[in-house]
Amino acid sequence: MNLDAKIPEGPLAEKWDKHKFNVKLVNPANKRKYDVIVVGTGLAGASAAASLAELGYNVKAFSFHDSPRRAHSIAAQGGINAAKNYQNDGDSVHRLFYDTIKGGDYRAREANVYRLAQVSVNIIDQCVAQGVPFAREYGGLLANRSFGGAQVSRTFYARGQTGQQLLLGAYSALSRQIAYGKVKMYNRTEMLDLVIVDGQARGIITRNLITGEIQQHAAHAVVLATGGYGNVFYLSTNAKYSNATAAWRAHKKGALFANPCFTQIHPTCIPVSGDYQSKLTLMSESLRNDGRVWVPKTVEMAERLRRNEIHVNDIKEEDRDYFLERKYPAFGNLVPRDVASRNAKMMCDEGRGVGASGLAVFLDFSEIIKRIGADGVSQKYGNLFAMYEKITDEDPYKQPMRIYPAVHYTMGGLWVDYNLQTTVPGLYATGECNFSDHGANRLGASALMQGLADGYFVIPYTIGDYLAQTPPKPVTTEHPAFKEAEANVRAQIQKLMSINGTRTPDDFHKALGHIMWEYCGMARTAEGLQHAKQEIQKLRKAFWSDLKVVGVNEELNQTLEKAARVADFLELGELMVDDAYNRNESCGGHFREEYQTPEGEALRDDEHYAYVAAWEWRGENQPEVLHKENLVFENVKLTQRSYK
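Everything numeric here is computed off the predicted structure, so don't read it as measured data.

Each value, and the rule that gives it
- Residues numbered from 1 in each chain as written.
- Predicted model: local features only at pLDDT ≥ 70, side-chain atom pairs only at ≥ 80, totals over all residues.
- Heavy atoms only, no water.
- Pairing = 2+ DSSP bridges.
- Helix = DSSP H or I, 4+ residues; strand = E, 2+ residues; numbered from the N terminus.
- Axes fitted to C-alpha atoms, helices over the stretch in contact; angles between N-to-C directions.
- Expected span 1.5 Å × (residues − 1).
- Buried < 20%, exposed > 50% of the residue type's maximum accessible area, 1.4 Å probe, protein only.
- Contact = heavy atoms within 4.5 Å.
- Parallel < 35°, antiparallel > 145°, perpendicular 65-115°, else oblique.
- Nonpolar A, V, L, I, M, F, W, Y, C, P; charged D, E, K, R; others polar.
- Phe/Tyr/Trp six-rings, centres within 6.5 Å; stacked < 30°, edge-to-face > 60°.
- Polar contact = N/O pair within 3.5 Å; in protein donor to acceptor, adjacent residues only side chain to side chain.
- Domains from an automatic or database assignment.
- Buried area = accessible area lost by both parts, 1.4 Å probe.

Pairing within the open sheet is antiparallel, and its 3 strands lie in the order 6-7-8. Lying at the two open borders of the sheet, with one neighbouring strand each, are strand 6 (189–197) and strand 8 (214–218). If you compare each strand with its neighbour and ignore which way they point, the axes differ by 25° on average. Two strands pair when backbone bridges link them, and strand 6 and strand 7 (residues 200–208) are joined in this way by 8 bridges, in the antiparallel orientation. By the bridge assignment, E190 is partnered in strand 7 with R207.

This is how it looks when you write it as structure tokens:
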């Protein structure tokens, strides 16, 4: 298979503008003749559906929530990046591009990342026009703060609720089009299969989550905006509903899956508190602007702290190791997430972790509280501090937060070209659902940027190029491919419900999550990955022989929903392990212990692994086939990442 990324010719800064001029257009009268399906209504999906409908296309939008407002995009608290340079501190489109390429450890396409930096400035204008209440400086300009992996302030924010406010902006645009009749909204509806007619995506099969009804939906093109697959680890900062089913079912219909092992571990999460915990809570990276990360300097002092013989506030300044500031003086606490996470794990592995489990480090705000007062800190982070106290019963105004890394975001996803089209013609993937912009590690505040860039400013142009070459004849569900796809969906549902074993979907999911975290989490080894593959295969066999699904299909049945998603996670988990085993290097969030510098940093192998790993499904219990898209760097120099 030839992986043609369709990257435009010409200088980097001119590629997107030239491409927009060269793509084929659909005239306004013809737009009314085309139907587009958008699956997922978070930031990427809601913005895409609203923008496409505004252009005149007929859009069907699908969400498995009761309202698009419940999408997981609301959980991105800290901010959204844009190269506005309001601070006059040296930022530019090129600097944002470079920081993003470097932050991703040189495993992303230059052209896609530069386009992302370019349209970032438009996103802010769009959202301000929608009424998003960004923080402002005294003079009225939008305020900025710093985030990891950058030495400039380019992150726009709405206190600690940025994702929620941006989603409300996109939701208002979507609601406008629903009211106009250009978007037909399907809530509480889950995509279970992709329908391909004559080699092109022409629709989806869905299940109504309230009634269990299986439905067919046809369109000229399908856009997936269904988020990432972090919940393969069971415990993550993702919403419990977040899953990989739509993307994975598309993968099994021919869409290649790229870089599945590139998962991000976020350094500032509330540590695990017990065996019955169902998810983890993210404390925004924005807190690292003013919070200082530290552990006791000695194992003995950490042990006394864990035994409650001393209190954290009893530890003197000279007995504290601000390890990120010590090791990375240039960036300090604002090193990228993968670097901060690995160093936190390193401190805990040395025995200097805090909390009852020893799997935590401190995030201390005493200095900023002394400088601007508790009221000033509350204006910046009040809702985050309140959330932390509610969960832990500890007051972060009076003592440091305890944090530890947790699974947060997935850089891998469906392979897409420059137009965001997958290897299935007519099928597009946007936002976290695709792999395209973050390489091996995402910088903070870039998820919101990518989701809105794809939805508002990229897909409206690029999907037109495809539709202009598609006859504007009505697409219906009469083709036999729809009946075949529906039959396959019904057969799998019946298979899941007929096993009648003894173990719940959650039981299997927890077991899978443990395997993934232990052997394909923050650190990986060849031996561990081989063991993980064997364990996942055994678990899959047990799943299909001992699963217990109660109830029936023709009703609200969340056990059935979970079972179908766990079945997909089991297959995806095995592919993640294969991808990690195949990549004999460390880069970004993929840390193979065999490949590290003497200082413990990720050691890339640019000669052999400067490529996108795109995997092709070949059938049940068949090994997937690896295809490579070689990455070409013409504008940045491949160097060992340094934040010192």
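From this point, the narrative continues.
We now examine helix 10 (residues 337–349). Here helix 10 is 13 residues long and its end C-alpha atoms lie 18 Å apart, about the 18 Å a rise of 1.5 Å per residue gives. Among the 13 residues in helix 10, 10 count as buried, and that is most of the element. For helix 10, the full list of buried residues reads R337, D338, V339, A340, S341, R342, N343, A344, M347 and C348. Next to the buried residues of helix 10 lie strand 11 (263–269), strand 12 (292–296), strand 13 (320–321), helix 9 (323–327), strand 14 (361–364) and strand 15 (401–410). Phi for G351, located one or two positions after helix 10, is positive at around 95°.

Right, let's get into helix 6 (residues 162–180). With 19 residues, helix 6 should cover 27 Å at 1.5 Å per step; its first-to-last C-alpha distance of 28 Å lies within 8% of that length. Within the sequence span of helix 6, burial applies to T162, G163, Q165, L166, L167, G169, A170, A173, L174 and Q177. On its buried side, helix 6 packs onto helix 3 (43–55), strand 3 (80–81), helix 5 (110–130), strand 4 (155–156), strand 5 (183–186) and helix 12 (447–467).

Attention now moves to the packing of helix 14 (residues 505–520) against helix 15 (residues 526–546). Helix 15 packs onto helix 14 with a crossing angle of 175° between their chain directions and a minimal axis gap of 10 Å. In terms of their interaxial angle, helix 14 and helix 15 are classed as roughly antiparallel. Contacts between helix 14 and helix 15 involve F508, A511, L512, I515, M516, Y519 and C520 from the former and G528, L529, H531, A532, E535, I536, L539, A542, F543 and D546 from the latter. Within the contact of helix 14 with helix 15, the residues separate by chemical class into 13 nonpolar, 2 polar and 2 charged.

Bringing the packing of aromatic side chains into the picture now. Counted by the stated rule, this structure contains 23 aromatic pairs. Ring geometry for F64 and Y241: centres 5.1 Å apart, planes at 90°, overall edge-to-face. Of the two residues, F64 sits in the loop between strand 2 (58–62) and strand 3 while Y241 sits in the loop between strand 9 (221–224) and helix 7 (245–251), which places them 177 residues apart along the sequence. Ring pairs connect the aromatic residues Y229, W248, F257 and W617, which therefore count as one cluster.

Turning our eyes to something else, we now look at the pairing of strand 18 (residues 611–616). Counted residue by residue, strand 18 has 6 buried out of 6 residues, so it is predominantly covered. Along strand 18, one buried face is formed by Y611, A613 and W615 and the opposite face, lined by V612, A614 and E616, is buried too. Sheet analysis places strand 10 (residues 257–258) next to strand 18, joined by 2 bridges and oriented antiparallel. Within the sheet, the bridge partner assigned to F257 lies in strand 18 and is W615.

This part is about the pairing of strand 9. Neither face of strand 9 is open: one carries A221 and V223, the other V222 and L224, and all of them are buried. Sheet topology places strand 1 (residues 35–39) next to strand 9; 4 bridges connect them, and they run parallel. Paired with V39 across the strands is L224, a residue of strand 9.

Mapped onto the secondary structure, T392 falls in helix 11 (residues 366–392). A distance of 2.8 Å separates a polar side-chain atom of T392 from the backbone oxygen of Y388. Here the side chain of T392 touches E394 through a polar contact of 3.2 Å, landing on its backbone nitrogen.

Attention now goes to the sheet that holds strand 12. Spatial ordering of the open sheet is given by 11-15-14-12-13, a layout of 5 strands whose pairing is antiparallel. Edge positions in the sheet fall to strand 11 and strand 13, since each of these pairs with one other strand and no more. Summarising the sheet, strand 12 and strand 13 pair through 2 bridges and their orientation is antiparallel. Residue V295 lies in a different strand from strand 13, and its bridge partner there is D321.

When the domains of the chain are assigned, the result is domain 1 (267–407) and domain 2 (480–627). The C-alpha-based centres of domain 1 and domain 2 are spaced at 32 Å. Taken together, the contact pairs 12 residues of domain 1 with 10 residues of domain 2. Both faces combined, the contact of domain 1 with domain 2 buries some 810 Å², and carbon together with sulfur accounts for 60% of it.

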